[in-house]
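Each chain, written out:
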Amino acid sequence: MNSSVLNKDQILSWLHEIPDPEIPVISIVELGVIRDLTFNDNTLEVTITPTYSGCPAMKQMEEDVIKKLNEKGFSKININTVYEPAWTTDWISAEARLKLQNYGIAPPEGSRDKTALMGEPKSVTCPRCKSKNSEMVSQFGSTACKALYKCKDCLEVFDYFKCI
Amino acid sequence: MNELVFKYLLRISDSGLILAQRISAWTGHGPFLEEDLALTNIALDLFGRSRSLLDYAGNLEGKGRSEDELAFFRNERHYYNHLICEQPNGDYAQTMLRQAFVDAFELLLYTELSKSKDQTLAAIAAKSVKEITYHKRHSFSWVKRFGNGTQESFTRLQNAFHELWPYTGDMFEPIEGETDLVKNGFVPDLQKIKTDWEKIIKDLLEECNIRLPENVYMHSGSAKALHTEHLGFILAEMQSLPRAYPEAKW
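The rules behind each value
Residues numbered from 1 in each chain as written. Chains lettered and ligands numbered in written order. Predicted model: local features only at pLDDT ≥ 70, side-chain atom pairs only at ≥ 80, totals over all residues. Pairing = 2+ DSSP bridges. Helix = DSSP H or I, 4+ residues; strand = E, 2+ residues; numbered from the N terminus. Core = buried A, V, L, I, M, F, W, Y, C linked by C-beta atoms within 7 Å. Buried ≥ 20, exposed ≤ 12 C-beta atoms within 10 Å, placed from the backbone. Domains from an automatic or database assignment. Axes fitted to C-alpha atoms, helices over the stretch in contact; angles between N-to-C directions. Contact = placed C-beta atoms within 7 Å. Nonpolar A, V, L, I, M, F, W, Y, C, P; charged D, E, K, R; others polar.

**A look at the sheet that holds strand β7 (residues 157–161) of chain A**
All names here are of chain A.
Part 1 of the reasoning: Pairing in this open sheet of four strands is mixed, and the strands run β4-β7-β6-β5 from one edge to the other. Each edge of the sheet is formed by a strand with only one pairing partner; in this case those strands are β4 (105–106) and β5 (134–138).
Part 2 of the reasoning: Strand direction decides the pairing type here: β5 and strand β6 (residues 146–151), joined by four bridges, are antiparallel. Bridge pairing links Ser138 to Leu148 in β6.

Here it is as structure tokens:
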């Protein structure tokens, strides 16, 4: 693609087609890891930020972005990783939170500021039966971004997207 | 100045890397599944942070060394990790107490580093603070559980304390020239961190009925890349594959 005029919305909608490698119901755009798009000397620069420092899915996301943009006709793509501002669950949209819940993952409750003051909520809404009667089993779940909870009503264990 | 920042970056990234290597040895051997996952996740955070720091260190050094080259092709005398990070896992009480000592230190250190005049370091630190907050909550709750559980769990915590305490002083040893970094607003003064750390740890251990001893001999040396006998074995295992097959690609 040789157009020097960057249509960010168009590119974002393409990137929106890329699912999170570990939580395929939300896209990497909804997750909030895509921070900026710029065009320099025919190179499309995609700025991304990692969710967690050690998130093993970041490499996969980079490869997926390059593959998708190659398909759309961009040959020169540069992935630029930034740490500032640090990723926060506040960037996950309301729509994406609903998708997480329907998928069986309790979305982050409240905002980061509240969590920083009060710690994680004692009870998280069970994504299956919607009961608030739940307890934390482990602060660390199946991936870096999640904790493990158990519903005391339907007795299912479920993942909770930690609020950071 | 760059050379000094480079060395400081090695000191903090090596500490995370070696501790991550240590705790990842629990993978598949945790006391139960949830703890297995917890430790694996914590190790992952530490590896990730060390990667970011080593990558930045390599850029500053300007000799084209990548994060992998810095991790896998330096020997003991070029590693600056704190002595406590290389101490054996022991039992679970020892692993958790070591983690609590380090988590409390890192939370204080990285909170200060997030205000560093070096913007890259500040950004990596700000991100790490969020993660370390979780690590500390986890390790502190385990230490309290051991301290207030059964006679057996208390005895194990007490033994772990005697084993590890003499290695805690080493965390507060600055590298040569660190005062210049402090003066320039790059890094915090370790003496101030030490005062806060001692208070936090004293409170934690009081809850566990362990009293801090006075005037204990403290090991030191890691600021000059002098280590206990354990580091060589850790590196031998960690580096064997890349050293045997230097061109291997993941």
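**Topic: the nonpolar core**
Side chains of a nonpolar character, in soluble globular proteins, are inclined to be buried together.
Part 1 of the reasoning: Core analysis: the largest hydrophobic core is formed by 106 residues, its most contacted members being B:Leu9, B:Leu97, B:Phe101, B:Ala104, B:Phe105, B:Val143 and B:Leu157.
Part 2 of the reasoning: For this core, the leading source of residues is helix α5 (residues 92–113) of chain B, giving 13 residues.
Part 3 of the reasoning: When residues of this core are assigned to domains, at least three fall in each of domain 1 (8–81) and domain 2 (95–161) of chain A.

**A short note on the sheet that holds strand β1 (residues 34–40) of chain A**
Residues and elements named next belong to chain A.
Part 1 of the reasoning: Taking strand neighbours across the sheet as the criterion, the three strands line up as β1-β2-β3 in an open arrangement whose pairing is mixed. Two strands lie at the open edges of the sheet, namely β1 and β3 (77–81), each paired on one side alone. This sheet shows a mean twist of 20° between the axes of neighbouring strands, independent of strand direction.
Part 2 of the reasoning: Both strand β2 (residues 43–48) and β3 contribute to a ladder of five bridges, which runs parallel.

**Here's the deal with the interface of chain B and chain A**
Part 1 of the reasoning: Opposite the 20 residues of chain B that make contact, chain A presents 15 residues.
Part 2 of the reasoning: Those elements giving two or more residues to the side of chain B that touches chain A turn out to be α2 (33–61) and α6 (119–148) of chain B.
Part 3 of the reasoning: In terms of residue class, the side of chain B that touches chain A is built from eight nonpolar, five polar and seven charged.

**Some remarks on the domain arrangement of chain A**
All names here are of chain A.
Part 1 of the reasoning: Domain annotation for chain A reports domain 1 (8–81) and domain 2 (95–161).
Part 2 of the reasoning: One C-alpha centre belongs to domain 1, the other to domain 2; they are set 27 Å apart.
Part 3 of the reasoning: Facing nine residues of domain 1, the contacting portion of domain 2 comprises eight residues.
Part 4 of the reasoning: Among the residues making up the side of domain 1 that touches domain 2, the classes are represented as five nonpolar, two polar and two charged.

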